[in-house]
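# Commentary on secondary and tertiary structure
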Amino acid sequence: SVQVLSAGFLIDEIATVPFDQIAIAASVYLGMFIGGLGSGAAADSCGRVRTLLVSLSLSAAAAAAAAAATSVAELAACRALAGVGIGGATPPLFALATEVAPRGQSGAAIIAVSTFWVVGQILAAALALLLLRSGPAAVAAPWAWGARWRSFALSAAAVPAASTLAV
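Calculation criteria
The residue numbers shown here count from 1 along each chain, following its written sequence. Reporting in this predicted model follows two pLDDT cut-offs: at least 70 for local features of residues, and 80 or more for side-chain atom pairs to be given and counted; totals over whole chains, interfaces and linings ignore these cut-offs and use all residues. Excluding hydrogens and water, the side-chain values take into account all heavy atoms of the structure. Axis definition: a line fit to C-alpha positions, over the contact stretch in the case of helices; interaxial angles, taken between N-to-C directions, run 0 to 180 degrees. We count a stretch as a helix when DSSP gives it H or I for four or more residues in a row; a strand needs E for two or more, and each element gets its number in order from the N terminus. Each angle receives one of four descriptions, namely roughly parallel if under 35 degrees, roughly antiparallel if over 145, roughly perpendicular if within 65 to 115, and oblique otherwise. The crossing is said to be left-handed when, going from far helix to near helix, the turn is anticlockwise and less than a right angle, and right-handed when the turn is clockwise. Two residues form a contact once any of their heavy atoms are found within 4.5 Å. Asp, Glu, Lys and Arg are counted as charged, while Ala, Val, Leu, Ile, Met, Phe, Trp, Tyr, Cys and Pro are counted as nonpolar; the rest, among them Gly, fall into the polar class. In these notes, a set of buried Ala, Val, Leu, Ile, Met, Phe, Trp, Tyr and Cys residues joined through side-chain atoms within 4.5 Å is what counts as a nonpolar core. Here the term buried applies to any residue with accessible area under 20% of the maximum for its type, exposed to any over 50%, and partly exposed to those in between, with areas from a 1.4 Å probe on protein chains only. The working definition used for a salt bridge is a side-chain nitrogen of Lys or Arg within 4 Å of a carboxyl oxygen of Asp or Glu.

### Points about the packing of helix α1 (residues 2–14) against helix α2 (residues 18–46)
- α2 packs onto α1 with a crossing angle of 165° between their chain directions and a minimal axis gap of 8 Å. Taken together, the axes of α1 and α2 lie roughly antiparallel to each other. You can see that α1 and α2 cross each other, and the crossing is right-handed. Mapping the contact onto sequence places Q3, V4, A7, L10, I11 and I14 in α1 and Q21, I24, A25, V28, Y29 and M32 in α2.
- Residues belonging to the contact of α1 with α2 are distributed by class as follows: 10 nonpolar, 2 polar and no charged.

### Considerations on the nonpolar core
- In terms of nonpolar packing, the biggest core is built from 21 residues, with L10, I14, I24, L75, L132, W149 and F152 touching the most fellow members.
- Every element with two or more residues in this core is listed here: α1, α2, α4 (72–100), α5 (106–131) and α6 (148–166).

### So, the pattern of salt bridges
- Across all of its chains, the model carries 3 salt bridges by this definition.
- Linking R48 and D44 is a salt bridge whose minimum nitrogen-to-oxygen distance equals 3.7 Å.
- Linking R48 and E99 is a salt bridge whose minimum nitrogen-to-oxygen distance equals 2.7 Å. With R48 in helix α3 (residues 48–66) and E99 in helix α4, this pair connects stretches of sequence that are 51 residues apart.
- Of the residues examined, E99 reaches a relative accessible area of 47% and is grouped as partly exposed.
- One salt-bridge network, held together by shared partners, links D44, R48 and E99.

Structure representation (structure tokens):
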């Protein structure tokens, strides 16, 4: 969820052209769609835990790579790959939650997993407040290496990286 919400904050920092704004916002959703389509079959053939780990790793690596993007096209491509990881992680995560839950508690397990979506949203907003809202937006030189959105993007990548380690 951090990657999804981060689009709005990135747009404020980088994009002034509507097409660029759309590309930054929509790329993660396109990736999520693709990842979600393929992860069920992957989880059945390779295992749910392995699919979850690969998906989370892909999301973390692509989100970190986004911090080094030098154009909207690169940023959108990295966000799309991060989306593949997010979409790929979702089905096995929910399946695992119901499988490891005590008998009769699968609903509570799904609620617990779903709650972390909101926690991620709160974390993304807090990161944006801390890292991006300390002055005027840097739209004039958005691709400079010192642009503050890069530290925000890298910080957002820490969430799927930490999740990978937790699995």
